[in-house]
Amino acid sequence: MRYKMDLNWRAGNRWARSCMYMGVAVIMMAAACKSKPKLSSGLTPKEALATFALPDEFKIELIASEPLLSDPTDMEIDEYGRMYVVEMHGYPLDQSGTGKVRMLTDEDGDGVMDKSTVFAEGLNLPNSIMRWKKGLLVTDAPNLLYYEDADGDGKAERCDTLVKGFALSNPQHNVNSPVYGLDNWVYLAHEGATATREYKEEFGDLGTEIFYPGKPDAARLPQNASGRSVRLNPDKHLLETTSSNTQFGQAFDAWGRRLLVANAIHVYHEVMQAGYLQRNPYQVVSNATQNLSDHGDACEVFPTTTNPQTQLLTDVGVITSACGLTAYLGGAFPDAYNNNDITFVTESVSNLIHVDRLKDTGASFTASRVLERKDFLTSTDNWFRPVNMYVGPDGALYVVDYYRQIIEHPEWMGDEVIESGELYNGTDKGRIYRISRKDAGPADWTKNLKLGDASAAELVEKLASPNSWWRMNAQRLLVDRGGEEAVSALKAMAVRTDAAFGRLHALWTLNGLGALQPDLIIQALKDPVAGVRENAIRLSEQFLSNAGVVQALLSLKQDADAKVRFQLLCTLGFINSADASSVRNELLFRDLNDKWVQIAALSANATQTASLLNVVLEKYQPQNPAYASLIQRLSSIVATVDKPADIRRLVERAVKSGTKEESALQAALLEGIAQGTKTTNSVFKGEQALLVKTFFNHPYSNVRKAAFRMLKVIGIPDEAAAQAAIQQAIAVIKDASKTKEQRTEAVDFLSLRNPASNKDLLLGRIQEKEEMSVQLAALRTLNAIPDTTVCHYLLTKWETLPSGVQDAGLAMFMINPERSNMLLTAIETGKVQPLSLGWPRTQWLLGNPDEGIRTRARPLLGKQDTEKVIKTYQASLEKKGDPQKGKGIYEINCSLCHKVRGKTGLDFGPDLGSVNNWSAKAILDNILSPAASIAPGYDLWSVELNSGEILQGILASETPTAVTIRLSPGNEKAISRDEIKQLKALNMSAMPPGLEAKISVEDMAHLLAFLKQGEQQ
């Protein structure tokens, strides 16, 4: 199946633009405007209200709608009760500068907006806003803009480009959702650019360096922030990348922990911050986030939509367009929703809002459904498109409804929809709803809200509010105003025993004012509330030269709260002392089975790693696998940075004979040392003999294999010793009394030298009577001969080789152009069938760095007369298929990459259990034309290593120090950025064509029946 593009409405701006509208010509794509746009009406606001279903404790009201606003994507309520709304009229394809920001006010004080003023216009594809200083921040890629109304007429006269350089690729991937953080930094949601096939000119920009215009000496970030989110301190012209990315939306919980969202992954947590990962670049950590849902990614949802109008690539029945993630911190909902542990996320394609409850789980969380088999808000109206939410001054949840007939982008929909003229239906409409408890009064903030006029003392009191709107806005205003006026009141609030949130925000506000003192930190580290202690630890990092602060930190080693202990472990990594090291070790071993605790412990400066490794070795418990994994990671770091003599001692310890239980420790040591010494071979010139002896004589296979891998790294420089070892391996290979494992290992051992002289011995191992593991080892070793020997053999014997040997042998043809050309010749002559290559190898040839290979491969492997194929298979649409037979066809042909509702298959491509609501034709088109579009998250990337090795696969995750490449189903590789020479997108689908060659028309009917059913029988 074609990999699903879980697209919703997000958009950005390709070019740097002036802030004022200069009459830019309309660039309306002809493909989207082949017929005159229809103006279907949808439902009126009053009619739409009757379509909603909510839990009984809640009510929903309309607070604003057309003609006051249209196409809303984000909102903000300022300290004077003015509602600002971003209007993105241009989505999906119009870059003519139609975007606006409107200011809505309630003139008669009834809690409903009745006046609209255009605050700013001429924006390209603006998507989000945030109140800042005396104006608004607006994200309109490539820029972060600042608008200000200086004369109070409701219209912005001032516009500054605060930051620029962000990409405009596929619209949903661009910078968005500025949020004022607890730490007084502005956070921008952002992720990497994704290629477009249909609209390259309009949406093909990949961004530049990100920088402050006119500030050449200020901080700058690499191109498009390397695809990660960004935080900035505009007053100090600071810019930083975070450790992760997010798509449209982000949220912070009450204690400042950052939550993220991306289409099918409706809530995940940035566990490790970039600053902690960056201090030890020798630790390879390729993902700083944890998915939280205990009900799965692309979790099931329960829409009530009547006649759902979904497009070609829309998963139905699961979350596919999650965005607008919002933590409910309003303090005004019914008790079950009022404990600061609730998150809401919009699902615009399915016309609903999903709700979860977060539960502390070690360093992170688990997100569970609040409602079983139903969602928080659903609508029968298929034009209802919730895209964002906002918690207001009254604690109500405000829902931003884009209200469009079509929400997907035309790049991922059928031509008939594009040609229908319906893409912009609803562009003159938009609604904002207010959800509150049933007995709540009308919105009262729309009249007489004057927080902006409050005194410093009054603002400090608001820091203790149960509603985060008041807390965050009061903090922002206090920091903006600066000065000494608020400091004494803030210090008093910081120790007020009846206001945990007041203490929290007072500390951060003092920090923002530069008035935080060590004595307050020391007191906060003893706070009875865990969240305050956790934040006090973060704040203490600027006072680590203060002995009293450090002592107070160390005294928290027995803290009862897991997140406090985790933050303490992160912070103590900045302190290089015996006491700090001792406490870090205690924290590590207390929570050793939490992977984030291990990562935090190893994030300390690498010079502290050797002492920690010694402690782990002393405490080693063979029954706990966490010890072995930690030893391997630690020894890898030690081997990279430590003294040769110390590393030698580790090698000697690793090769001693011992018990089976100890062998896991020994193997972990050797594996780690091998990984960490790839560039320090000369250190171990005296250890080769010891490792050779271990390889042949150690009683446990895991240690023997680890010794071999280390020998692969450091080699055997002495030729006489090497030849003697080779002869010993040959004797093992020929000795029938040796175990299968020993003979397999011995065959691999021959690859330590050019095995050409032993070619006949190796070829003799590839035979029907030989163990398969030995055959495959022989093939691997033959591959080390630096010519085409192995390829000639494979092609000569191809028809008689076992399928396992064929499959492994195909990888040998990918080594260099000469071998690849041999394979292409075999495909041309019919000796090797194209479909036998499988996904990774097909895509490697189609996107090969060698132009000659690419040119030759594409007619052979990419050739497909799609129209003819589709016409042939139209007959399957008329046949009645058998779902049970279709399930068998799916298991043979599709389960390598897909599951159906979390069952039967591998989790590589999207779950196909949701396509049951697609038309059979749409499913068929996706099967027969998988390269018609590239879904984000399923496009192909090329990674060229400094060693010259080139890998291709899906970019699964990345951090400031590492990336993870998913090479094939079930096969991932984490790579340190230091090892990478070049990382680039190939603009190719990760799904090969040609499935129809394996499936008859009748079988296709069965497969369609199965997929339409969604395995719900």
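Given the structure is predicted, the values throughout are model-derived calculations rather than measurements. (Residues numbered from 1 in each chain as written. Predicted model: local features only at pLDDT ≥ 70, side-chain atom pairs only at ≥ 80, totals over all residues. Heavy atoms only, no water.)

Enquirer: Pulling in residues and values, what's your account of the overall build of the protein chain?
Expert: Helix and strand counts for the protein chain stand at 34 helices and 33 strands. The contacts of the protein chain with a sequence gap of at least 6 include a subset with a gap of at least 24, amounting to 67%. If you sum the accessible surface of the protein chain, you get close to 38600 Å²; carbon and sulfur atoms cover 49% of it. (Helix = DSSP H or I, 4+ residues; strand = E, 2+ residues; numbered from the N terminus. Contact = heavy atoms within 4.5 Å. Areas by Shrake-Rupley, 256 points an atom, 1.4 Å probe, with all protein chains shown as cover.)

Enquirer: Help me get a handle on the packing of helix α17 (residues 644-654) against helix α18 (residues 660-676), residues and values and all.
Expert: For the pair α17 and α18, interaxial distance at closest approach is 8 Å and the crossing angle is 145°. Two packed elements cross with a definite hand, and for α17 against α18 that hand is left-handed. Here α17 contributes I647, L650, V651, R653 and A654 to the contact with α18, which in turn contributes Q666, L669, L670 and I673. (Axes fitted to C-alpha atoms, helices over the stretch in contact; angles between N-to-C directions. Left-handed = near helix turned anticlockwise from the far one by under 90°.)

Enquirer: Can you explain the sheet that holds strand β11 (residues 176-180)? Please cite residues and give values.
Expert: The antiparallel open sheet is built from four strands, whose spatial order is β11-β12-β15-β16. The sheet terminates laterally at β11 and β16 (238-241), the two strands that pair on one side only. Across the sheet, the mean angle separating the axes of adjacent strands is 20° when strand polarity is ignored. (Pairing = 2+ DSSP bridges.)

Enquirer: Describe the sheet that holds strand β27 (residues 397-401), listing the residues and the values that go with them.
Expert: Strands sit in the order β2-β28-β27-β26 across an open sheet of four strands; the sheet is antiparallel. Every interior strand has two partners, whereas the edge strands, β2 (58-65) and β26 (386-391), have only one. Strand-to-strand, the axes of this sheet are offset by a mean angle of 25°, without reference to chain direction. Pairing of β27 with strand β28 (residues 431-437) involves five bridges; the strand directions are antiparallel. Bridging across to β28, D401 finds its partner in R431.

Enquirer: Which residues make up the packing of aromatic side chains, and what are the values?
Expert: Counting across every chain of the model gives 26 aromatic pairs. A centroid spacing of 5.6 Å and a plane angle of 50° characterise the contact between W383 and Y403, whose relative ring orientation is tilted. Of this pair, W383 sits in the loop between β25 (377-379) and β26 while Y403 sits in the loop between β27 and α4 (415-418), and the two are 20 residues apart along the sequence. Across the pair, exposure class does not vary: W383 and Y403 are buried alike. Aromatic rings pair up to connect F58, Y328, F333, Y337, F344 and F376 into one cluster. (Phe/Tyr/Trp six-rings, centres within 6.5 Å; stacked < 30°, edge-to-face > 60°. Buried < 20%, exposed > 50% of the residue type's maximum accessible area, 1.4 Å probe, protein only.)

Enquirer: If you had to explain the nonpolar core to someone new, which residues and values would you point to?
Expert: Ranked by size, the top nonpolar core spans 232 residues in total, and within it M272, L670, F749 and L845 carry the most contacts. Every residue in contact with L845, bar those within four places of it in the chain, is listed here: M814, S820, L823, L824, L837, I853, R854, A857 and L861. Formed by 22 residues, the second largest nonpolar core is a distinct cluster that contains F376, F384, V391 and V399. (Core = buried A, V, L, I, M, F, W, Y, C linked by side-chain atoms within 4.5 Å.)

Enquirer: Lay out the environment of K462 with the relevant residues and their values.
Expert: Considering the arrangement of structural elements, one finds K462 in helix α5 (residues 456-462). Taking the relative accessible area as the measure of exposure, K462 reaches 34% and is therefore partly exposed. The sequence separation of K462 and N473 amounts to eleven residues, and the corresponding C-alpha distance is 8.8 Å.

Enquirer: Can you explain empty space enclosed by the protein? Please cite residues and give values.
Expert: Here the structure, examined in full by the defined rule, presents four cavities of 30 Å³ or more. Of the voids in this model, the largest cavity is the one considered here, and its volume is about 770 Å³. Around the largest cavity sit 36 residues that line it, and P178, V179, Y180, Y390 and M472 are the ones nearest its centre. Mapped onto the lining of the largest cavity, the elements with two or more residues apiece are β3 (72-77), β7 (128-132), β11, β17 (250-252), β21 (322-328), β26 and α6 (468-481). Top element by residues in the lining of the largest cavity is α6. It accounts for six residues. For the lining of the largest cavity, a count of residues per class yields 18 nonpolar, twelve polar and six charged. As a volume, the second largest cavity reaches approximately 50 Å³. Lining the second largest cavity are R584, A601, L602, A604, N605, Q608, T609, L612, L634 and I637. Only α14 (595-602), α15 (609-619) and α16 (625-641) provide two or more residues apiece to the lining of the second largest cavity. Its residues assigned to classes, the lining of the second largest cavity shows six nonpolar, three polar and one charged. (1 Å grid on protein atoms, 1.4 Å probe; cavity = no way out; pocket = protein on both sides within 12 Å on 5 of 7 lines; lining within 4 Å. Points joined across faces, edges and corners; volume = space filled by probe spheres on them. Nonpolar A, V, L, I, M, F, W, Y, C, P; charged D, E, K, R; others polar.)

Enquirer: With reference to specific residues and values, describe the confidence of the model for the protein chain.
Expert: Looking at the protein chain, pLDDT values average 86 and 85% of them are 70 or higher. Here residues 931-936 is a poorly scored stretch, pLDDT under 50, and it has 24 contacts once near neighbours within four places are set aside; other chains count. (pLDDT = per-residue confidence, 0-100.)

Enquirer: Got a sec to walk through unusual backbone geometry? Specific residues and values, please.
Expert: Among all residues save glycine, negative phi is the norm, and among peptide bonds the norm is trans. Omega for the bond connecting Y91 with P92 falls within 30 degrees of zero, at 10°, which places this linkage in the cis form. Among the structural elements, P92 can be located in the loop between β4 (83-87) and β5 (99-105). Omega for the peptide link from A141 to P142 comes to 15°, which places this bond in the cis form. With respect to the helices, strands and loops of the structure, P142 is situated in the loop between β8 (135-140) and β9 (143-148). You will see that N184, though not glycine, has its phi angle at about 75°, which is positive. Here N184 is to be found in the loop between β11 and β12 (186-189). Given a relative accessible area of 12%, N184 falls into the buried group.

Enquirer: How would you summarise helix α12 (residues 562-572) if you had to cite specific residues and measurements?
Expert: Within α12, ten of the eleven residues are buried, which leaves it mostly tucked inside the rest of the structure. All buried positions along α12 are accounted for by K563, V564, R565, F566, Q567, L568, L569, C570, T571 and L572. Of the residues that open α12, the one with a side-chain oxygen 3.0 Å from the backbone nitrogen of K563 is D561. (Polar contact = N/O pair within 3.5 Å; in protein donor to acceptor, adjacent residues only side chain to side chain.)

Enquirer: Could you give an account of the packing of helix α13 (residues 578-590) against α15, naming the residues involved and the relevant values?
Expert: For the pair α13 and α15, the least separation of the axes is 11 Å and the interaxial angle reads 45°. Accordingly, the angle class assigned to the pair α13 and α15 is oblique. Viewed along their axes, α13 and α15 form a crossing whose handedness is right-handed. Facing α13, whose interface residues are S581, N585, L588 and F589, α15 presents S611, L612, V615, V616 and K619. Looking at the contact of α13 with α15 residue by residue, the classes come out as five nonpolar, three polar and one charged. (Parallel < 35°, antiparallel > 145°, perpendicular 65-115°, else oblique.)

Enquirer: Describe the pairing of strand β22 (residues 342-347), and please don't skip the residues or the numbers.
Expert: Across the six residues of β22, six count as buried, placing the element largely inside the fold. Of the pairings in the sheet, the one linking β21 to β22 comprises five bridges and is antiparallel in character. Residue pairing in the sheet places A322 in a bridge with E347 of β22. Here six bridges tie β22 to strand β23 (residues 352-361), and the two strands are oriented antiparallel to one another. Counted as the bridge partner of T346 is I353 from β23. Two successive antiparallel strands, β22 and β23, enclose a turn made up of four residues, where N351 displays a positive phi of approximately 60°.

Enquirer: Residue-level account of the pattern of salt bridges, with values.
Expert: Here the structure, examined in full by the defined rule, presents 42 salt bridges. Close ionic contact of R82 with D78 constitutes a salt bridge, the shortest N to O distance being 2.7 Å. The class of R82 is partly exposed, set by a relative accessible area of 24%. The exposure class assigned to D78 is buried, which follows from its relative accessible area of 0%. In this structure, E461 engages R496 in a salt bridge whose closest nitrogen and oxygen atoms are separated by 3.2 Å. (Salt bridge = Lys/Arg side-chain N within 4 Å of Asp/Glu carboxyl O.)

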